[in-house]
Amino acid sequence: MKAELNQRITQVGPGTPGGELLRRYWQPVALLDEFNPALDPAMGVRPVKAVRVLGQDFVLFKNAQGAFGLLDRDCPHRGADLAFGRNEGDGLRCPFHGWKFDVRGQCTETPAEPAGSTLCTRIQQRSYPLVEKAGALFGWFGPEGSTPPPFPALDCFEAPATHSFVFKGLWHCNWLQAFEVGIDPAHASYLHRFFNDASLENSYGKQFRGASVGEVGGERWPMTKVMREFGQPEISFTPQPYGLQLTALRPMPDALTHVRITNAVFPQTFVIPLSETLTITQMHVPVDDTHNYWFAFFTSFADPMDKNTMRNQRLDAVTLPDYIPKSGRHNQWGFNAEEQQNRTYLGMGEDDINVHDQWACESMGAIQDRTREHLGTTDKVIMANRRLLLQAMDTVEQGGTPPGIADPALAPAITGPDTVDGIAPADGWPTWWQDAVRAKRAGAPWQNTAAQAATETADAK
């Protein structure tokens, strides 16, 4: 790839082709947990957060009625930092001259002005649409005065709070190289290789480690065994209204094949199975050109989610309030040579494979130099996604509608998307995985409730 093309697909600031594209999509800006005083005591005193997204600075705050506001961070008076504003319950007041703003950005007071002044009625700080979904707050940063697209009806946003959980973490690298790991089906056989398999008991919430993919000869196989023993996946992809559906087949003995169906939801989200009944929908949100937050939305198609277990497992790996990982370049991501020799392929821990992905992304550098890469056949999805990204940038530059979940016309066709991770008959896997998806959805209490409600609505008409 030429250097100028690499720059084009990685820049996210205002006015850049990538930045203008990404601003057409809903972006998660914070977890609701970040306003929970039990996790961050400061929020019990002053629920205000500085937020940086797409190379821009914003302030996010909650008023006394529980409503959130997302505003440009520089006070429209003389540019002081509103992230240090006084949250007075009915608005955020700039400490410089006392100008006050409600959650919609309307200035409500300019106390230093003469009595009777109406200046405040003419001052409107830009505010950004916010939607609360699945335990996170999403902002939309498209052109001022334009209408956001419908919020996407993906499974992770349709599931009730009882069956969903969300977490996040900061990575010190460009968003695209982080996202590309999630749409690379081949790396799991190497980056996440374990030389020994863990028990399938007490594996709840653990990503990859201990998860089962089904039975072979009456024996339940862990994911780690399949990835270790079958390291040459046959990868294909199919265009979908939301982006790309990915299929990775690993042929096995006894006329069986391991089938893994995942998805790339354009432009920055991938959907993968965590277990036979849990999925992960992960979004990589640019902070700026050299940092990104991953937001992982976990969805259960069976029992209610054990959020305390999920949260505590992951809190051990980060520091609050900014969800900065404890592992990183500063401590070699926890690398252990003895572990690499005897227990894992990478040598960076057996409990949290997120660190494995973090190393792969961050070790490339803050922005991967794609002029030096050599792609292989297993990178076909990476190449296809880059073509989509460049085409979408061109479309937006020419005044067109961006693809996928930013296109209102496609909203009714975008649901799910479905994932599968299991062992199937080699000659019947296409039917097998469709049946597996139907069974998983039939077993989801919230899916049945939604279907019943839709039926009752139709009958009423």
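About the criteria used
Residues numbered from 1 in each chain as written. Predicted model: local features only at pLDDT ≥ 70, side-chain atom pairs only at ≥ 80, totals over all residues. Heavy atoms only, no water. 1 Å grid on protein atoms, 1.4 Å probe; cavity = no way out; pocket = protein on both sides within 12 Å on 5 of 7 lines; lining within 4 Å. Points joined across faces, edges and corners; volume = space filled by probe spheres on them. Helix = DSSP H or I, 4+ residues; strand = E, 2+ residues; numbered from the N terminus. Nonpolar A, V, L, I, M, F, W, Y, C, P; charged D, E, K, R; others polar. Pairing = 2+ DSSP bridges. Axes fitted to C-alpha atoms, helices over the stretch in contact; angles between N-to-C directions. Phe/Tyr/Trp six-rings, centres within 6.5 Å; stacked < 30°, edge-to-face > 60°. Buried < 20%, exposed > 50% of the residue type's maximum accessible area, 1.4 Å probe, protein only. Expected span 1.5 Å × (residues − 1). Contact = heavy atoms within 4.5 Å. Core = buried A, V, L, I, M, F, W, Y, C linked by side-chain atoms within 4.5 Å. Patch = residues over 30% accessible without salt bridge, like charges linked within 9 Å, V, L, I, M, F, W, Y side chains within 5 Å. Areas by Shrake-Rupley, 256 points an atom, 1.4 Å probe, with all protein chains shown as cover. Salt bridge = Lys/Arg side-chain N within 4 Å of Asp/Glu carboxyl O. Arc of directions from axis to C-beta. Polar contact = N/O pair within 3.5 Å; in protein donor to acceptor, adjacent residues only side chain to side chain. Parallel < 35°, antiparallel > 145°, perpendicular 65-115°, else oblique.

Caption draft 1: Quick peek at empty space enclosed by the protein. By the definition in use, this model includes 4 cavities of 30 Å³ or more. In this structure, the largest cavity encloses a volume near 370 Å³. Listed by contribution, the elements that provide at least two residues to the lining of the largest cavity are α5 (175-182), α6 (223-229), β16 (243-252), β17 (256-265), β18 (269-273), β19 (278-288) and α9 (354-362). A volume near 80 Å³ is recorded for the second largest cavity. What lines the second largest cavity is a set of 13 residues, among which Trp26, Pro152, Phe157, Met283 and Ile405 lie closest to the centre. Along the lines of polarity and charge, the residues of the lining of the second largest cavity split into 11 nonpolar, 1 polar and 1 charged.

Caption draft 2: Looking closely at the sheet that holds strand β2 (residues 48-53). Taken in spatial order, the 3 strands line up as β2-β3-β4 in an open sheet, and their pairing is antiparallel. The open sheet has two free edges, formed respectively by β2 and β4 (68-72), since each of these has just one partner strand. With direction set aside, neighbouring strand axes in the sheet form an average angle of 25°. Sheet analysis places β2 next to strand β3 (residues 56-62), joined by 6 bridges and oriented antiparallel. Residue pairing for β3: Ala50 is matched across the bridge by Val59.

Caption draft 3: Structural view of the packing of aromatic side chains. Per the counting criterion, the structure on display carries 20 aromatic pairs. Measuring from ring centre to ring centre gives 5.2 Å for Phe301 and Trp446, while their planes differ by 45°; the resulting arrangement is tilted. With Phe301 in the loop between β20 (291-300) and α7 (307-315) and Trp446 in helix α12 (residues 445-460), this residue pair connects regions lying 145 residues apart in the sequence. On the basis of relative accessibility, which here comes to 7%, the residue Trp446 falls in the buried class.

Caption draft 4: Spotlight on helix α10 (residues 380-397). The end-to-end C-alpha distance of α10 is 26 Å, a good match for the 26 Å that 18 residues give at a rise of 1.5 Å each. Among all positions of α10, only Val381, Ile382, Ala384, Asn385, Arg386, Leu389, Leu390, Ala392, Met393 and Val396 are buried. Buried residues belonging to α10 abut α1 (3-10), α2 (17-22), α5, β15 (234-240) and β16. Just downstream of α10 lies Gly399, where phi reads positive at about 85°.

Caption draft 5: Structural detail: the environment of Ile382. Inspection of the secondary structure puts Ile382 in helix α10. Under the relative-accessibility criterion, Ile382 is labelled buried at 6%. Spatially, the C-alpha atoms of Ile382 and Asp184 are 7.1 Å apart, while their sequence positions differ by 198 residues. With sequence-adjacent residues up to four places away left out, Ile382 is seen in contact with Glu180, Ile183 and Asp184.

Caption draft 6: The nonpolar core, seen in detail. Judged by nonpolar contacts, the single largest core of 82 residues is most densely connected at Val29, Leu60, Phe157 and Phe297. No other element matches the 8 residues that α10 contributes to this core. Counting 16 residues, the second-largest nonpolar core is a separate cluster that includes Leu92, Trp99, Val103 and Ile123.

Caption draft 7: Up close: a nonpolar patch on the surface. A surface patch of nonpolar side chains, amounting to about 270 Å² of accessible area, comprises Tyr190, Phe195 and Tyr345. Turning to its location among the elements, Tyr345 is positioned in the loop between α8 (337-342) and α9. Looking at Tyr345, the relative accessible area reads 41%, which means it is partly exposed.

Caption draft 8: Region of the structure containing the side chain of Arg311. By secondary structure assignment, the location of Arg311 is in helix α7. Residue class for Arg311 comes out buried when judged on its relative accessible area of 16%. Apart from residues no more than four positions distant in its own chain, Arg311 is found in contact with Asp33, Leu39, Phe165 and Phe167.

Caption draft 9: How the structure looks around α1. Taken residue by residue, α1 has Asn6, Ile9 and Thr10 as its buried positions. In a view along the axis of α1, the buried residues occupy a sector of 95°, so they form one face of it. Its buried side turned inward, α1 meets α5 and α10.

Caption draft 10: Representation of the side chain of His284 in the model. In this structure, His284 sits in strand β19. For His284, the side chain forms a polar contact with the side chain of Gln282, separated by 3.2 Å.

Caption draft 11: Quick peek at the pairing of strand β12 (residues 164-171). Across the 8 residues that make up β12, a large majority, 8, are buried. Burial of the side chains of β12 extends over both faces: Ser164, Val166, Lys168 and Leu170 are buried on one face and Phe165, Phe167, Gly169 and Trp171 on the other. The sheet contact formed by β12 and β20 spans 8 bridges and is antiparallel. Counted as the bridge partner of Lys168 is Phe295 from β20.

Caption draft 12: Focus on the sheet that holds strand β7 (residues 100-101). Reading across the sheet, the 4 strands line up as β5-β6-β7-β8 and stay open at both edges, with antiparallel pairing between neighbours. Whereas interior strands pair on both sides, the edge strands pair on one side only; in this sheet they are β5 (86-87) and β8 (107-109). Bridge analysis of strand β6 (residues 92-93) against β7 gives 2 bridges, and the strand direction is antiparallel. Considered in β7, the bridge of Arg93 is made with Lys100.

Caption draft 13: Just the packing of α1 against α10, in detail. Their axes nearest at 10 Å, the elements α1 and α10 cross at an angle of 70°. Classified by the angle between their axes, α1 and α10 sit roughly perpendicular to one another. Of α10, the residues touching α1 (which contributes Leu5, Arg8 and Ile9) are Leu389, Leu390, Met393, Asp394 and Glu397. Residues that form the contact of α1 with α10 fall into these classes: 5 nonpolar, no polar and 3 charged.

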